[in-house]
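Chains, contacts and geometry: an overview
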Amino acid sequence: MTIHDRISRTALLLLLVVAGCSSPTQTRPSVTEADVQFPAAWRYDARTRPVSADSGMVVSTDSLASAAGVEILRAGGNAVEAAIATSFALAVVNPEAGNVGGGGFMVARLADGTEFALDYREQAPGGATSDMYVDEQGRVTDRGVEGHLASGVPGTVAGLEAAYLRYGELPWARLLEPAIRLARDGFHVAERHHNSIRDKRELLSKFPTSAGKFLPRGEPPPIGSSFKQPYLARTLQAIADGGAAAFYEGWIADSLAAEMRRGGGLINRRDLAAYEAVWREPVRAEYRGYEVVSMPPASSGGTTLTQILNIMEGFDLQTAGWHSAEAIHLAVEAMRRAYADRNYYLGDTDFVDVPLAMLTSESYADSLRRSIDRDRASVSEEFNRVSVESENTTHVSVVDVRGNAVAVTTTLNSGFGSGVVVRGAGFLLNNEMDDFTSLVGVPNLYGLVQGEANAIAPGKRMLSAMTPTIVINPQGRTELVTGTPGGATIITTVFQIVTNHIDFGLPVQTSVNAPRFHHQHLPDVIRFEKDGLPASVVAELRSLGHEVSERTGISGNVESIYIAPDGTMFGAADPRRYSKAIGY
Ligand code: DON
């Protein structure tokens with residue numbers, strides 16, 4: 001029996017007892033991993049057990065960083081503080097994505113019910129112009145992707161400090177201790193570190209400071225050697241001693257501005273001094289009685305996730321069956337419509353008017369749902385208002401003993417960001433400017449074809465897809481904390497984690513291990529992970545008129561925590577990369 005049969009059967013049994021199958025508050029089916037089978041050739045196991053714990057759980061994209069978070073929880077720190085410590089540690093042990101030279105988003109639900117969203121996305125420097133990446137022939141250059149001109153003003157240090165000032169209890173410097181130790185004393189280079197540097201050797205060798213740090217004697221540090229980052233340790237120590245002001249106004253700001261002048265970049269002292277993290281109201285979706293709390297602009301994540309969920313709420317997915325052609329077709333049609341809106345309407349709400357209330361309304365979802373033909377694929381061009389993917393973002397999910405839950409996604413954009421390490425300060429700068437629309441109609445690094453709303457302007461934040469998300473059950477209990485890297489696929493991956501949980505009752509690790517599919521309006525194609533869909537389902541989708549393509553590589557790298565009714569925390573790290581769940 002396949003997973004489809006099994007889950008359909010479970011759902012069917014449930015439907016015999018629960019009336020009103022597609023009512024907004026359906027019962028979450030209870031499926032155990034023993035009930036679940038993935039397609040035969042699929043590389044991950046449905047039966048892998050998550051890590052369980054009673055006192056605290058950290059799941060992040062790196063084991064040493066997860067350990068840093070647990071160290072802080074054990075020292076009496078709360079989930080926000082553990083997320084801060086994990087973020088700083090990621091800047092050391094996961095330097096291709098973890099950062100102090102990038103930006104990110106934090107979504108939290110605290111034990112007292114407080115929910116918040118914190119935006120510390122990079123912003124365009126004051127000297128930026130809308131056509132700064134277009135050459136005289138009207139072509140988009142690679143200056144938005146590589147080198148000094150590709151960087152937005154970093155937001156991470158301001159964001160982490162803002163979270164601390166509101167919710168911190170331990171001394172600030174304590175939160176940086178694990179990161180400083182790892183940078184100063186070094187950590188063992190694993191194959192993954194060696195390989196990720198090797199894969200970006202060409203980029204890193206273009207900039208002497210980056211080559212000096214990552215390619216000693218012209219080669220990536222050997223596997224098993226100790227990788228020490230004394231300049232980064234000094235930077236982190238300065239932040240520990242002087243807070244964000246040390247980064248935005250002190251010698252680190254001088255070093256960053258000097259680096260920019262040397263390489264023809266734009267960020268200056270004024271840009272740095274003006275940077276502020278922004279507290280925002282989270283986006284909340286009601287989905288079958290659950291509340292899904294996520295990130296508003298400058299990320300598109302929460303808005304687009306909400307649109308997909310609102311459309312899907314009108315369909316009876318349990319009867320359709322998990323990963324049936326019908327369920328995938330409906331989800332893809334919802335994704336197509338939501339991404340078309342994303343790419344046209346969304347941008348930094350401090351700069352452009354975004355009709356957020358309309359986009360996330362039930363009535364708008366109803367009209368989009370009515371345009372879906374159950375028997376035929378739509379054509380993306382009909383929704384024209386306007387991906388490839390690297391695996392280079394980090395995510396952290398944390399739950400503490402008090403029931404505080406935090407989700408953080410942060411990035412430099414593509415692997416090793418702009419490739420530029422700041423001389424004397426030892427950290428990489430982002431290449432987030434490529435997330436703006438460089439030229440309307442021209443796809444960015446992730447194949448996203450975006451519009452005017454996301455055009456470059458001084459001080460504006462580039463649109464993101466990062467989707468740190470928390471799911472609250474109908475009884476008001478925090479039940480799932482999740483998020484992932486993955487560029488444009490982040491939103492559809494988080495959607496699948498949410499629907500796997502609510503609609504199909506998949507155990508948390510099974511949900512993370514399950515194969516994924518993706519559609520982003522343009523290009524008009526369903527991409528699914530290798531061996532992730534049975535041939536029969538692919539054939540059915542094609543017969544509905546979809547272009548379906550098996551992608552190379554993997555989709556996302558999820559870090560989820562499920563909190564059971566008795567309070568036990570189950571941490572599920574994604575086997576696709578090097579994520580690690582550690583509880584205690
Ligand atoms: O903010 C965004 O949407 C992108 N800069 C995220 C990049 C990313 O996830 C790359 N790694 N997989």
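Summary of the structure given here.

When you go through the chain residue by residue, the secondary structure sums to 20 helices and 19 strands. A compact globule built from 584 residues would reach a C-alpha radius of gyration of about 25 Å, and the chain, at 22 Å, matches this within 12%. By its C-alpha atoms, the chain is 65 × 60 × 40 Å across when sized along the principal axes. Going through the 584 residues of the chain one by one, you find that 66% of them count as buried. Approximately 19400 Å² of the chain is accessible, and the part contributed by carbon and sulfur atoms is 52%. Charge-centre separation for the chain: the mean point of 52 positive side chains lies 4 Å from the mean point of 67 negative side chains.

The next thing to look at is the side chain of Thr393. Looking at where Thr393 falls in the secondary structure, it is placed in strand S10 (residues 393-400). Since its relative accessible area comes to 9%, Thr393 is described here as buried. At a separation of 2.8 Å, a polar atom in the side chain of Thr393 contacts the side chain of Thr411. Beyond its immediate stretch of four places on either side in the chain, Thr393 contacts Thr61, Ala97, Thr409, Thr410, Thr411, Asn413, Met466 and Pro485.

Quick look at the pattern of salt bridges now. According to the stated counting rule, one finds 34 salt bridges in the structure shown. With a shortest N-O distance of 3.1 Å, Glu71 and Arg174 are connected by a salt bridge. Residue Glu71 is located in helix H2 (residues 63-74), and its partner Arg174 is located in helix H5 (residues 172-185); the two are separated by 103 residues in the primary sequence. For Arg369, the salt bridge goes to Asp366, with nearest N and O atoms at 3.0 Å. Here Asp366 and Arg369 lie together in helix H17 (residues 362-370), a separation of three residues that amounts to about one turn. For Arg369, a relative accessible area of 17% puts it in the buried group. Residue Asp366 is classed as partly exposed on the basis of its relative accessible area, which comes to 28%. By sharing partners, the salt bridges in this structure join Arg109, Glu115, Glu281, Arg284 and Glu291 into a single network.

Contact geometry of helix H15 (residues 325-345) with helix H20 (residues 535-543) gives a least axis separation of 9 Å together with a crossing angle of 50°. Regarding the angle of H15 to H20, the classification is oblique. Once H15 is placed against H20, the crossing between them reads as right-handed. Listed contacts from H20 to Ala325, Ile328 and His329 of H15 are Val537, Glu540 and Leu541.

Here we take up the packing of aromatic side chains. Following the criterion strictly, the structure yields 15 aromatic pairs and no others. Between Arg166 and the ring centre of Trp279, over which it is positioned, the NZ or CZ distance is 3.9 Å.

Attention now goes to the sheet that holds strand S16 (residues 548-551). Ordered in space as S14-S15-S16, the three strands form an open sheet in which the pairing is mixed. Bordering the open sheet on either side are strand S14 (517-518) and S16, each of which pairs with just one other strand. Strand direction decides the pairing type here: S14 and strand S15 (residues 526-529), joined by two bridges, are antiparallel. Paired with His518 across the two strands is Arg527, which belongs to S15.

Looking now at the nonpolar core. Membership of the largest hydrophobic core comes to 93 residues, with the highest contact counts inside it found for Ile308, Met312 and Leu541. Residue contributions to this core peak at ten residues, all from H15. Among all residues touching Leu541, those that are not within four sequence positions of it are Ala325, Ile328, His329, Ile526, Leu533, His546 and Val548. If you look at the next biggest cluster of nonpolar residues, it comprises 82 residues, including Ala91, Val398, Val420 and Leu429.

With that settled, the discussion passes to the pairing of strand S18 (residues 569-573). Two faces belong to every sheet, and in a regular strand the side chains alternate between them. With five of its five residues buried, S18 lies for the most part within the structure. Here S18 shows a buried face lined by Met569, Gly571 and Ala573 and a second buried face lined by Phe570 and Ala572. Sheet topology places strand S1 (residues 51-53) next to S18; three bridges connect them, and they run antiparallel. Within the sheet, the bridge partner assigned to Val51 lies in S18 and is Gly571. Here strand S17 (residues 559-563) runs beside S18; their pairing, made up of five bridges, is antiparallel. Along S18, the bridge assignment pairs Ile561 with Gly571.

Note that Tyr344 resides in helix H15. Residue classification places Tyr344 among the partly exposed positions, given a relative accessible area of 40%. For the pair Tyr344 and Pro178, spaced 166 residues apart in sequence, the C-alpha to C-alpha distance is 42 Å.

Parameters and conventions
Residues numbered from 1 in each chain as written. Predicted model: local features only at pLDDT ≥ 70, side-chain atom pairs only at ≥ 80, totals over all residues. Heavy atoms only, no water. Helix = DSSP H or I, 4+ residues; strand = E, 2+ residues; numbered from the N terminus. Rg over C-alpha atoms; globule rule 2.2 N^0.38 Å. Buried < 20%, exposed > 50% of the residue type's maximum accessible area, 1.4 Å probe, protein only. Areas by Shrake-Rupley, 256 points an atom, 1.4 Å probe, with all protein chains shown as cover. Lys, Arg positive; Asp, Glu negative; His and termini not counted. Charge placed at Lys NZ, Arg CZ, Asp CG, Glu CD. Polar contact = N/O pair within 3.5 Å; in protein donor to acceptor, adjacent residues only side chain to side chain. Contact = heavy atoms within 4.5 Å. Salt bridge = Lys/Arg side-chain N within 4 Å of Asp/Glu carboxyl O. Axes fitted to C-alpha atoms, helices over the stretch in contact; angles between N-to-C directions. Parallel < 35°, antiparallel > 145°, perpendicular 65-115°, else oblique. Left-handed = near helix turned anticlockwise from the far one by under 90°. Phe/Tyr/Trp six-rings, centres within 6.5 Å; stacked < 30°, edge-to-face > 60°. Lys NZ or Arg CZ within 6 Å of the ring centre and 35° of its normal. Pairing = 2+ DSSP bridges. Core = buried A, V, L, I, M, F, W, Y, C linked by side-chain atoms within 4.5 Å.

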